[in-house]
Amino acid sequence: MNEPALLSRIARAASLLVATDFDGTISDITTDPDSAHARDDAFAALGRLTRAPGVHVAVVSGRTMESLLERTSALAPVYRVAEHGAFIEGPDGGTIGGTHPERAAGLSALWGFVEANHARIPGMRFERKSVGVAVHVREVEPAMREAAAEVLDAFRKAAVAAGFEIMEGRQVVEARDPGVTKQTALALLLARLPPHTLVVYAGDDTTDEGAIALARQRDGVGIYVASAERPTPNVEADLVLPGPRAWAELLSQIAAVRSV
Ligand SMILES: O=P(O)(O)OC[C@H]1O[C@H](O[C@H]2O[C@H](CO)[C@@H](O)[C@H](O)[C@H]2O)[C@H](O)[C@@H](O)[C@@H]1O
């Protein structure tokens, strides 16, 4: 699908859901995850979309809800999906779903692994979430990559033993609840919206591919935001964009055709 055809469909949809991933999609990748923030152009376009009639906006992230809120609180009303689908907040700020079975024992066991290993590899970052743990390797020096790979292997084994599922993201390995995905969260959002809502989903990572595929299955639009790290998706996409800037530009065009 080319962009003019896409914009024409979007302009005509009685109900539209624009769902976007955060890191690497509306935020440029940064070495320090805490310093990442949404691009101004993407944020402005999403803001316009929240005010457009018949348009629903969702930010779908692997971040914790706290981290996502910190970065998107100026955006309302929106759906917020955190920790890859484990937590979902509605446009009024209320919890509307998400599945996060109590896994406190598993999380403690996994964090024990982290505490025992956190000082081994300079640059390796460990991020504790509400229902998962992420291990970042973006800042690990090339000379330490082999040693880091060994720690990551041990982390994967410890996570699986503690009942988690492993996700391989961009310079990050995450342990999360099995069965919780962005795809299941997107399906839940669609079930709450008017029938035949046109869904547009954009994301940049393996963790977004299920949601891209679901958008297409539902006769919507799946957009992949490519990077040098992940130039091509493992699923079919309607559009492959060269990076967050191109997605921000397309979001501005979507906002233009939907704004009154
Ligand atoms: O689903 P997302 O919103 O894309 O979140 C996925 C992970 O994003 C963050 O890590 C990624 O972005 C960082 C900042 O640009 C980058 O340093 C890191 O290498 C990327 O993997 C976040 O820290 C994770 O918690 C999210 O799960």
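Where an unreviewed UniProt entry is consulted, the chain appears under the name Trehalose 6-phosphate phosphatase, with the organism given as Polyangium sorediatum. Regarding the chain, the relevant UniProt record gives this comment under Function (unreviewed entry): "Removes the phosphate from trehalose 6-phosphate to produce free trehalose." The UniProt entry for the chain carries the following text under Sequence similarities (unreviewed entry): "Belongs to the trehalose phosphatase family."

**Overview of the environment of Phe-87**
Tracing the sequence through the fold places Phe-87 in strand β4 (residues 87-89). Taking the C-alpha atoms as reference points, Phe-87 and Gly-112, separated by 25 residues in sequence, lie 24 Å from one another.

**Structural notes on the site of the ligand**
Taken together, 23 residues form the shell around the ligand, and within it Phe-22, Asp-23, Pro-33, Ser-61 and Gly-62 come nearest. When contributions to the shell around the ligand are tallied by element, the ones reaching two or more residues are β7 (133-136) and β9 (172-176). Split by residue class, the shell around the ligand holds six nonpolar, nine polar and eight charged. Of the domains in this structure, domain 1 (3-99 + 180-258) and domain 2 (104-176) are the two that each give at least three residues to the shell around the ligand.

**Quick look at the domain arrangement of the chain**
Domain annotation of the chain identifies domain 1 (3-99 + 180-258) and domain 2 (104-176). One C-alpha centre belongs to domain 1, the other to domain 2; they are set 27 Å apart. On the domain 2 side, the residues contacting the 15 residues of domain 1 number 14 residues. Its residues assigned to classes, the side of domain 1 that touches domain 2 comprises four nonpolar, seven polar and four charged.

**A word on helix α2 (residues 40-50)**
Of the positions making up α2, those classed as buried are Ala-42, Ala-45, Leu-46 and Leu-49. Along the axis of α2, the buried positions cluster into a sector of 100°, meaning they face one direction only. Those residues of α2 that are buried are in contact with β1 (16-21), β2 (55-60) and α8 (244-258).

**Quick look at the sheet that holds strand β10 (residues 198-203)**
The mixed open sheet is built from eight strands, whose spatial order is β5-β4-β3-β2-β1-β10-β11-β12. Strands at the two margins of the open sheet, each flanked by one partner only, are β5 (95-97) and β12 (239-241). In this sheet, adjacent strand axes meet at a mean angle of 20° when their direction is disregarded. Both strand β3 (residues 79-82) and β4 contribute to a ladder of three bridges, which runs antiparallel. Paired with Arg-80 across the bridge in β4 is Glu-89. Lying over the sheet, helix α7 (residues 209-217) contacts β2, β10 and β11 (221-225), oriented at roughly 160° with respect to β10.

**Here's the deal with the pairing of β9**
Here β9 lies mainly inside the structure; four of its five residues are buried. As paired strands, β7 and β9 are joined by four bridges and run antiparallel to one another. Pairing of Ala-134 across the sheet is with Glu-174, part of β9. With five bridges connecting them, strand β8 (residues 165-169) and β9 associate as antiparallel partners. Bridge pairing in β9 places Ile-166 opposite Ala-175. Once β8 ends, the chain turns through two residues before running back antiparallel as β9, passing Gln-171 with a positive phi of about 60°.

**Points about the packing of α2 against α8**
Closest axis-to-axis distance for the α2/α8 pair is 8 Å, and the angle between their directions is 25°. Judged by the angle between their axes, α2 and α8 are roughly parallel. Seen from above, α2 lies across α8 with left-handed handedness. Within the contact between the two elements, α2 uses Asp-41, Ala-42, Ala-45, Leu-46, Arg-48 and Leu-49 and α8 uses Pro-244, Trp-247, Ala-248, Leu-251, Ser-252, Ile-254, Ala-255 and Arg-258. Here the contact of α2 with α8 is built from residues that sort into 10 nonpolar, one polar and three charged.

The rules behind each value
Residues numbered from 1 in each chain as written. Predicted model: local features only at pLDDT ≥ 70, side-chain atom pairs only at ≥ 80, totals over all residues. UniProt positions renumbered as here; feature names shortened; annotations may be inferred. Helix = DSSP H or I, 4+ residues; strand = E, 2+ residues; numbered from the N terminus. Near = placed C-beta within 6 Å. Nonpolar A, V, L, I, M, F, W, Y, C, P; charged D, E, K, R; others polar. Domains from an automatic or database assignment. Contact = placed C-beta atoms within 7 Å. Buried ≥ 20, exposed ≤ 12 C-beta atoms within 10 Å, placed from the backbone. Arc of directions from axis to C-beta. Pairing = 2+ DSSP bridges. Axes fitted to C-alpha atoms, helices over the stretch in contact; angles between N-to-C directions. Parallel < 35°, antiparallel > 145°, perpendicular 65-115°, else oblique. Left-handed = near helix turned anticlockwise from the far one by under 90°.

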